[in-house]
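Given next are the chains, with one letter for each unit.
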Amino acid sequence: MNLSYRRLSLCLIALAILSFGNLSFAEETKTLRIGIIGLDTSHSSNFSKILNDPQTKFEEFKTCKVVAAYPKGSRDIKESLESVPKITEQVTQLGVEIVPSIEALLSKVDAVLLESNDGRVHLEQALPVLKAGKPLFVDKPIAGDLVDVIAIYEAAKHYKTPVFSSSSLRYTDGAKKIVGGSVGDIIGCDAYSPCPKESTHPDFYWYGIHGVETLYTVMGPGCETVVRVSTPNTDLAIGTWKEGKIGTFRGRRKENNSYQGGYGGTVFGTKGTAQIGSFSGYEPLLVEVVKFFRTGKAPVSNAESVEIYTFMTAADLSKAKAGTPVKMQAVYSQALKAARKKLAPYLD
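First, a word on scope: everything that follows refers to the structure included in this document. (Residues numbered from 1 in each chain as written. Predicted model: local features only at pLDDT ≥ 70, side-chain atom pairs only at ≥ 80, totals over all residues. Heavy atoms only, no water.)

1. So, the overall build of the protein
Then, in step 1: Along the backbone of the protein there are 11 helices and 13 strands.
Then, in step 2: Of all 348 residues assigned to the protein, the portion counted as buried reaches 50%.
Then, in step 3: Looking at the protein alone, contacts between residues at least 24 apart form 75% of all its contacts between residues at least 6 apart.
Then, in step 4: Surface accessibility of the protein: about 16600 Å² in total, with carbon and sulfur atoms responsible for 55%. (Helix = DSSP H or I, 4+ residues; strand = E, 2+ residues; numbered from the N terminus. Buried < 20%, exposed > 50% of the residue type's maximum accessible area, 1.4 Å probe, protein only. Contact = heavy atoms within 4.5 Å. Areas by Shrake-Rupley, 256 points an atom, 1.4 Å probe, with all protein chains shown as cover.)

In structure tokens, the structure reads:
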């Protein structure tokens, strides 16, 4: 090989390496196009504002944007229906295109935020997203009952599409420190949150989910039985975990079924106790959502998310049985069987 030919070969190899490097960088920083289903909750406008902020200080948000939204959510919850026009206007001003169908949305986006306030419509809205293979974040509540919650995760498994759900309360500053080991091994937790009811959903699903998610953030999965004590203004659900650990959720209501009261809890560990702290903003949750959209790896396991809703369903059953302990496994097994039966006609 003469010297000139060798030099030419080396130049071509170097050019190929540089081109490959530039291609990888371009792919890595490609703008992630996010779509929203449901403009009947303030989460839709708040999330859009945060993600589309051109001055954001969060690196995760600089290469993603909410580009399209399908507005329809609840069909009959008055509060939700009345919210749609205002929230639609708010997201439109942020540069979000309003589309007439979920199918139209899917043609324009890489990932989806399912934000419909009404959990009862989530299964039907999630199915086309999962079938299309678009990573899906499902906001609270995951669904309107445990059967639909499980059905969403079963469909995600069938279509091999990643799905993630979480309350923003999972990512409080205090919870991060506790999970990181600040109080040692967790012995127990007493969590609380507002717990107003919506007649179309199980008692805790509508808003108590925030406190129950707080409980599970530090306790983790493994609850075996649930007992619930209920009065007009307060609910107390007591869960017994494996190895005898006890965790409680206190749901608080006031006059006119309002959303008054804070969020938080006390954690008991082998090195002491600590306060979990209150709401730390939506940004910590959205950082995790964007990471999930890019990697396809949910930071909360499907099994844990399903167990959270099993806990809330078991609490309802305990209330109906005047505080009798309810076994989690029995509740889950019955709902799993019903979910698979309900889902079968829709899977291809």
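2. Focus on the sheet that holds strand 5 (residues 136-138)
Then, in step 1: The parallel open sheet is built from six strands, whose spatial order is 3-2-1-4-5-6. Each having just a single partner strand, strand 3 (97-98) and strand 6 (163-164) make up the two edges of the open sheet.
Then, in step 2: Across four bridges, the pairing between strand 1 (residues 32-37) and strand 4 (residues 111-114) is parallel. Its bridge partner lying in strand 4, glycine 35 is registered against valine 112. (Pairing = 2+ DSSP bridges.)

3. A short note on the environment of lysine 254
Then, in step 1: With respect to the secondary-structure elements, lysine 254 resides in the loop between strand 10 (246-252) and strand 11 (264-269).
Then, in step 2: By relative accessible area, which is 44% here, lysine 254 ends up partly exposed.
Then, in step 3: When the C-alpha atoms of lysine 254 and proline 232 are compared, they prove to be 8.8 Å apart, with 22 residues separating the residues in sequence.

4. Observations regarding empty space enclosed by the protein
Then, in step 1: One pass over the full model with this rule turns up one cavity of 30 Å³ or more.
Then, in step 2: By volume, the largest cavity is sized at about 30 Å³.
Then, in step 3: As for the largest cavity, its lining consists of His43, Phe47, Asp139, Lys140, Ser166, Ser167, Ser168, His210 and Leu285. (1 Å grid on protein atoms, 1.4 Å probe; cavity = no way out; pocket = protein on both sides within 12 Å on 5 of 7 lines; lining within 4 Å. Points joined across faces, edges and corners; volume = space filled by probe spheres on them.)

5. A closer look at the pattern of salt bridges
Then, in step 1: Overall, the coordinates contain 19 salt bridges when judged by the stated rule.
Then, in step 2: A salt bridge links arginine 33 to aspartate 110; the nearest nitrogen and oxygen atoms lie 2.9 Å apart. Here arginine 33, found in strand 1, pairs with aspartate 110, found in the loop between helix 4 (102-106) and strand 4; they are 77 residues apart in sequence, far enough to count as distant.
Then, in step 3: The partly exposed category is assigned to arginine 33, whose relative accessible area is 33%.
Then, in step 4: When the shortest N-O distance is used, the salt bridge between lysine 131 and aspartate 348 registers 2.6 Å. Of the two residues, lysine 131 sits in helix 5 (residues 122-131) while aspartate 348 sits in the segment after helix 11 (328-343), which places them 217 residues apart along the sequence. (Salt bridge = Lys/Arg side-chain N within 4 Å of Asp/Glu carboxyl O.)

6. Side note on helix 8 (residues 209-219)
Then, in step 1: Extensive coverage of helix 8 is indicated by the burial of 11 of its 11 residues.
Then, in step 2: Turning to helix 8, its buried residues are Ile209, His210, Gly211, Val212, Glu213, Thr214, Leu215, Tyr216, Thr217, Val218 and Met219.
Then, in step 3: Positioned one or two residues after helix 8, glycine 220 has a phi angle of 75°, which is positive.

7. Here's the deal with the packing of helix 5 against helix 6 (residues 146-159)
Then, in step 1: The interhelical angle for the contact between helix 5 and helix 6, taken along N-to-C directions, is 10°, at an axis separation of 10 Å. If you check the angle between helix 5 and helix 6, you find them roughly parallel. Contacts between helix 5 and helix 6 involve His122, Leu123, Ala126, Leu127, Leu130 and Lys131 from the first element and Asp148, Ala151, Ile152, Ala155, Ala156 and Tyr159 from the second.
Then, in step 2: Here the contact of helix 5 with helix 6 is composed, by residue class, of nine nonpolar, one polar and two charged. (Axes fitted to C-alpha atoms, helices over the stretch in contact; angles between N-to-C directions. Parallel < 35°, antiparallel > 145°, perpendicular 65-115°, else oblique. Nonpolar A, V, L, I, M, F, W, Y, C, P; charged D, E, K, R; others polar.)

8. Regarding the sheet that holds strand 9 (residues 234-241)
Then, in step 1: Pairing within the open sheet is mixed, and its seven strands lie in the order 12-11-7-10-9-8-13. The outermost strands of the open sheet, each flanked by one partner alone, are strand 12 (272-275) and strand 13 (326-327).
Then, in step 2: When strand 8 (residues 223-230) meets strand 9, the two strands line up antiparallel, connected through seven bridges. When the sheet's bridge partners are listed, valine 226 is paired in strand 9 with glycine 239.
Then, in step 3: Set on the sheet, helix 8 makes contact with strand 7 (186-194), strand 8, strand 9, strand 10 and strand 11; between it and strand 7 the angle comes to about 165°.

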